Amino acid sequence: MLIDADGNEHAPSTGQVRIISLVPSLTELLFAMGLGDNVVGRTAFCIEPMGRIEDVPVVGGTKTSEMDKLVALNPTHVLVNIDETPKELAEQIAATGADVVVTHPNTPVDNIALFQLIGGLFHRTAQAAELVHALEAELAELAELAQASIWPERKVLYLIWKRPWMTVSRDTYIANMLSLFGMKTMCHDPDRRYPEVTINAELLAEADLILFSSEPFPFADKHRDAFADTHKIAKEPRLLAIDGRMVSWYGNRAIDGLKYLRTFTSQL
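Report follows, based on the coordinates. (Residues numbered from 1 in each chain as written. Predicted model: local features only at pLDDT ≥ 70, side-chain atom pairs only at ≥ 80, totals over all residues. Heavy atoms only, no water.)

### Here's the deal with the pattern of salt bridges
The test is simple: Basic side-chain nitrogens of Lys or Arg form a salt bridge, by our definition, when they fall within 4 Å of a carboxyl oxygen of Asp or Glu. Here a strand is any run of E in DSSP of at least two residues, a helix any run of H or I of at least four, and the numbering for each starts at the N terminus.
According to the stated counting rule, one finds twelve salt bridges in the structure shown. Glu48 is the partner of Arg245 in a salt bridge, and the nearest nitrogen-oxygen pair spans 2.6 Å. Here Glu48 lies in the loop between strand S4 (39–41) and helix H2 (67–72) and Arg245 lies in helix H9 (residues 244–248), a separation of 197 residues in the sequence.

### Some details on the packing of aromatic side chains
Threshold: For Phe, Tyr and Trp, rings pair up if their centres lie within 6.5 Å, where Trp contributes its six-membered ring, and each pair is then called stacked (planes under 30 degrees apart), edge-to-face (over 60) or tilted (otherwise).
Within this structure, the stated rule accounts for nine aromatic pairs. Members of the aromatic cluster, each reached through a chain of ring pairs, are Trp161, Trp165, Phe212, Phe217, Phe219 and Phe227.

### A short note on the sheet that holds strand S8 (residues 183–185)
To keep things clear, this is the line we draw: Any two strands between which DSSP finds at least two bridges are classified as paired. For helices, the fitted line uses only the C-alpha atoms of the stretch in contact; every axis is such a line through C-alpha atoms, and the angle between N-to-C directions lies from 0 to 180 degrees. Only heavy atoms matter for contacts: two residues are in contact if any of them lie within 4.5 Å across the pair.
Taken in spatial order, the four strands of this open sheet run S8-S7-S9-S10, and their pairing is parallel. Of all the strands in the sheet, just S8 and strand S10 (239–242) have a single pairing partner and so form its edges. On average, each strand axis in the sheet is tilted by 40 degrees relative to the strand beside it, whichever way the strands run. Here four bridges tie strand S7 (residues 154–159) to strand S9 (residues 209–213), and the two strands are oriented parallel to one another. Directly across from Leu159, in S9, lies its bridge partner Phe212. Helix H8 (residues 221–231) rests against S7, S9 and S10 of the sheet, and its axis sits at about 160 degrees to S10. This element, helix H10 (residues 253–266), spans S7, S8, S9 and S10 of the sheet and lies at about 160 degrees to S10.

### A few points about the layout of surface pockets
The following threshold applies: Cavities and pockets were defined on a 1 Å grid built from protein atoms only: a cavity is a group of points that admits a 1.4 Å probe but offers it no way out, a pocket is an open group of points flanked by protein on both sides within 12 Å along at least five of seven lines, and a lining residue is one with an atom within 4 Å of any such point. Grid points are joined across faces, edges and corners, and a volume is the space filled by probe spheres set on the points. Residues were grouped as follows: Ala, Val, Leu, Ile, Met, Phe, Trp, Tyr, Cys and Pro as nonpolar; Asp, Glu, Lys and Arg as charged; and all remaining residues, including Gly, as polar.
Of the pockets and cavities examined, the largest pocket occupies roughly 950 Å³. Around the largest pocket, the lining comprises 29 residues; the ones closest to its centre are Thr62, Glu84, Glu215, Pro216 and Ser248. Among the secondary structure elements, those contributing two or more residues to the lining of the largest pocket are helix H1 (24–32), helix H6 (173–179) and H9. If you tally residues by element for the lining of the largest pocket, the top one is H9, at three residues. Partitioned by chemical class, the residues of the lining of the largest pocket number 15 nonpolar, eight polar and six charged.

### A word on the packing of helix H4 (residues 110–121) against helix H5 (residues 125–147)
The line we're drawing: Every angle not falling under 35 degrees, over 145, or within 65 to 115 is termed oblique; those three ranges are roughly parallel, roughly antiparallel and roughly perpendicular.
At a closest axis distance of 8 Å, the pairing of H4 and H5 adopts a crossing angle of 170 degrees. Comparing the axis directions of H4 and H5 gives the class roughly antiparallel. Across the interface between the two elements, Asn111, Ile112, Phe115, Gln116, Gly119 and Gly120 of H4 pack against Thr125, Ala128, Leu131, Val132, Leu135 and Glu136 of H5. Looking at the contact of H4 with H5 residue by residue, the class counts come to six nonpolar, five polar and one charged.

### A closer look at the sheet that holds strand S3 (residues 19–21)
Across a sheet, strands are paired by hydrogen bonds formed along the backbone, either parallel or antiparallel in direction. With respect to topology, four strands assemble into an open sheet ordered S4-S3-S5-S6, the strand pairing being parallel. Of all the strands in the sheet, just S4 and strand S6 (99–103) have a single pairing partner and so form its edges. Between one strand axis and the next, the sheet turns through 35 degrees on average, direction left out of account. As judged from the two bridges shared by S3 and S4, these two strands associate in the parallel manner. From the neighbouring strand, Ile20 faces S4, where its bridge partner is Gly41. Contacting S3, S4, strand S5 (77–81) and S6, H1 runs over the sheet at an angle of about 140 degrees to S3.

### Describing the pairing of S10
Keep this limit in mind: Here is how to tell: hold the view so the strands point away, follow the path from the first strand over the helix to the second, and if it runs clockwise the crossover is right-handed.
Inspection of the sheet shows S9 paired to S10 by four bridges, in the parallel sense. Along S10, the bridge assignment pairs Ser213 with Ile242. Following the backbone out of S9, through H8 and into the adjacent parallel S10, one traces a crossover that is right-handed.

### Concerning the environment of Arg192
Formally: Accessible area is worked out with a 1.4 Å probe on protein chains only. A residue is then buried under 20% of its type maximum, exposed over 50%, and partly exposed in between.
With respect to the helices and strands, the residue Arg192 is situated in the loop between S8 and helix H7 (201–206). Look at Arg192 and you get partly exposed, because its relative accessible area is 39%. C-alpha of Arg192 to C-alpha of Val168: the two residues are 24 residues apart in sequence and 8.5 Å apart in space.

### Re the packing of H1 against H4
Between two packed helices, the angle of one axis relative to the other and the distance separating the axes together describe the packing. Going by this rule: Put simply, a crossing is left-handed when the front helix is turned counterclockwise from the back one by less than a right angle, and right-handed when it is turned clockwise.
Between H1 and H4, whose axes approach to 11 Å, the crossing angle comes to 55 degrees. Taken together, the axis directions place H1 and H4 in an arrangement best described as oblique. Crossing handedness for the pair H1 and H4: right-handed. The residues of H4 that touch H1, namely those facing Leu26, Leu29 and Leu30, are Leu114, Phe115 and Ile118. Class assignment for the residues of the contact of H1 with H4 results in six nonpolar, no polar and no charged.

What follows is the structure, given as structure tokens:
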């Protein structure tokens, strides 16, 4: 039996497999593992892989699904995530008879278990092994670089939203990705994984970097310009754009994400 992130047992799939993914990074992973033809539904935010995903029906967002559309697609499996999928929605889907597979990677190394879970469920063990090998090789190289202390410790304010301003607590996948490169996220809240934050002079003085993620809020140059003007600080070199997908998407994207962050950090 295979165990998901919520402790549920799953048997390897049999017969015709019809998968709905309610998590963008998992949708991308399914295609990377050769399961694209089995993906029958997705969210509006599942936009990768471009050029292949567009014909897959949309059943709603990551936190809200149109149950009539979902049920009509007759899925055998629905992939959800503890952070992104409300528990009530997952229970509602399970009540339809679909096998709800719960995921929750919280550190880059957690992707190994994720690859093995998806590979075991859908008979893609060879593809899973290739991804595990690639991720382990990248993590091993990063560990060697970390021992050489090539990345100084930096305090970073990682912004994911405005009105209100929001950041990430230390017990999140994003924060754990950044920490591998010496970037320690600020404004940790033990009770909230994505807390609101008040931008003030004291906080900005403490931060070595203010990182504006490209998602979920699509921060652009104009937002960094406005932030610099409002708070009377120089845009460069402290206010930086960062690719949110490379930092927050798990699955196969994690391998490229680690490479991206290695380059990003080396240019600081």
